[in-house]
Every structure is written in C-alpha cells, then in structure tokens.
Amino acid sequence: MSVGSGDGDNAPMATINVTPLVDVMLVLLIIFMITTPLMQNVVEVDLPKADLTAEEVVRPLVIDLAIESNGTIWWDGQVRTRSSLETELRRAARQTPQPEVKVRADANLRYQTIRETLEIVKDAGIVRVGFVTTPDR
C-alpha cells in the first residue's frame, strides 16, 4: 500500500482508490438483478375482468359565449338577446351532463357587462364556466 506520492516527500496521496467501490456496486447490481423478478406477483390473486365497452365516456357540450365591446352576446356564432340567452341557458342547464360555458369577452368591454352575463349564467344553474384569453407573447 502506498501512502506517499513517490517523489520522496511525505505528503499523503491525493487520489482515491475506487476499485473496492466498483466491486461492491457490481455485487449489489447482480443481487438486485436476481431478486427483482422474484419479488413480482408474490401473492396470486384472481383479478376481475374489466368490460371497457360497457360504458362510453360522454363529453359535455361546450357553449361558446362571445361578448363584443358594444355588449352584443353571441351564442355559438348566433346573436342572442338577454332574455333568449336566459331561456337557452336554463334549457342547457337541465341537460345531463351539464354543458360547459366558455366566455370570450372583448378587451375593451366594461366589466359590468361581463358580471351581468355571468349572473345570467349562474342564475340559469350552469356550474362550469371558464374564460378564454390569449397568452402573452
């Protein structure tokens, strides 16, 4: 075993002998490679079969409400008055599953108009409401 640098001085060696570390790691790797397959399915259980065709996932309808800067409300591309909007939203709220309402409002629109529209949506019984915005670039 060498304790010096071999230059004749008594300074300690500055390198680390990694051979024992590599030996231990290889032994651990071999042990884990052998024992890992043995640890799977230790207890045999009769699992039930799933019938994936029985139920089909029904996605809710998405209602697109667009509000222009002058207060005009558009329902999926058609202009609506406030009274017709209330009627349509009440009818939509009774559907199963209940539709989602996505609100797109003009940036120059007064907040009061948005609040009034959201009150109409809430009073109709619609639970899921979201806002559509554009990301900052």
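Residues numbered from 1 in each chain as written. Predicted model: local features only at pLDDT ≥ 70, side-chain atom pairs only at ≥ 80, totals over all residues. Heavy atoms only, no water.

1. Describing the sheet that holds strand 4 (residues 100–105)
Thinking step 1. Pairing is mixed across the open sheet formed by five strands, whose spatial order is 3-2-1-4-5. Edge strands, defined here as strands with exactly one partner in the open sheet, are strand 3 (78–80) and strand 5 (129–131). Put simply, the sheet's adjacent strands are angled 30° from each other on average, direction ignored.
Thinking step 2. Where strand 1 (residues 62–67) and strand 2 (residues 73–75) come together, three bridges link them in antiparallel fashion. In the strand pairing of strand 2, Ile67 is matched with Ile73.
Thinking step 3. Sitting on the sheet, helix 2 (residues 82–93) is in contact with strand 1, strand 2, strand 3 and strand 4, with an inclination near 35° to strand 2. (Pairing = 2+ DSSP bridges. Helix = DSSP H or I, 4+ residues; strand = E, 2+ residues; numbered from the N terminus. Axes fitted to C-alpha atoms, helices over the stretch in contact; angles between N-to-C directions. Contact = heavy atoms within 4.5 Å.)

2. A look at the pairing of strand 1
Thinking step 1. Pairing analysis gives six bridges linking strand 1 to strand 4, with the strands arranged parallel. Residue pairing in the sheet places Ala66 in a bridge with Arg104 of strand 4.
Thinking step 2. The hairpin turn running from strand 1 into strand 2, its antiparallel successor, is five residues long, and Gly71 in that turn takes a positive phi close to 100°.

3. Side note on the confidence of the model for the protein chain
Thinking step 1. Per-chain confidence: the protein chain averages 85 in pLDDT, with 86% of residues scoring 70 or above.
Thinking step 2. The spread of mean pLDDT over the elements of the protein chain runs between helix 1 (residues 19–39), the lowest at 90, and strand 4, the highest at 94. (pLDDT = per-residue confidence, 0-100.)

4. Some thoughts on the side chain of Glu100
Thinking step 1. Note that Glu100 resides in strand 4.
Thinking step 2. There is a polar contact of 3.4 Å between the side chain of Glu100 and the side chain of Lys102.
Thinking step 3. Residues contacting Glu100, with those up to four places away along its chain left out, are Pro60, Leu61, Val62, Ile63 and Arg128. (Polar contact = N/O pair within 3.5 Å; in protein donor to acceptor, adjacent residues only side chain to side chain.)

5. Regarding the side chain of Thr113
Thinking step 1. On the secondary structure map, Thr113 appears in helix 3 (residues 111–124).
Thinking step 2. For Thr113, a relative accessible area of 15% translates into the label buried.
Thinking step 3. Beyond its immediate sequence surroundings of up to four residues, Thr113 is in contact with Ile67, Gly71 and Arg82. (Buried < 20%, exposed > 50% of the residue type's maximum accessible area, 1.4 Å probe, protein only.)

6. Some remarks on the environment of Ala107
Thinking step 1. Inspection of the secondary structure assignment puts Ala107 in the loop between strand 4 and helix 3.
Thinking step 2. Residue classification places Ala107 among the exposed residues on the basis of a relative accessible area of 78%.
Thinking step 3. Distance in space between the C-alpha atoms of Ala107 and Ser69 is 7.4 Å, their sequence separation being 38 residues.

7. With respect to the packing of helix 2 against helix 3
To characterise two packed helices, one gives the angle between the axes of the helices and the distance between these axes.
Thinking step 1. Following both chains from N to C, one finds helix 2 and helix 3 inclined at 40°, their axes separated by 8 Å at the closest point. Note on packing geometry: the crossing formed by helix 2 with helix 3 is right-handed. Taking contact as the criterion, the partners of Arg82, Leu85, Glu86, Leu89, Arg90 and Ala93 in helix 2 are, on helix 3, Thr113, Glu116, Thr117, Ile120, Val121, Asp123 and Ala124.
Thinking step 2. Per-class residue counts for the contact of helix 2 with helix 3 are six nonpolar, two polar and five charged. (Left-handed = near helix turned anticlockwise from the far one by under 90°. Nonpolar A, V, L, I, M, F, W, Y, C, P; charged D, E, K, R; others polar.)

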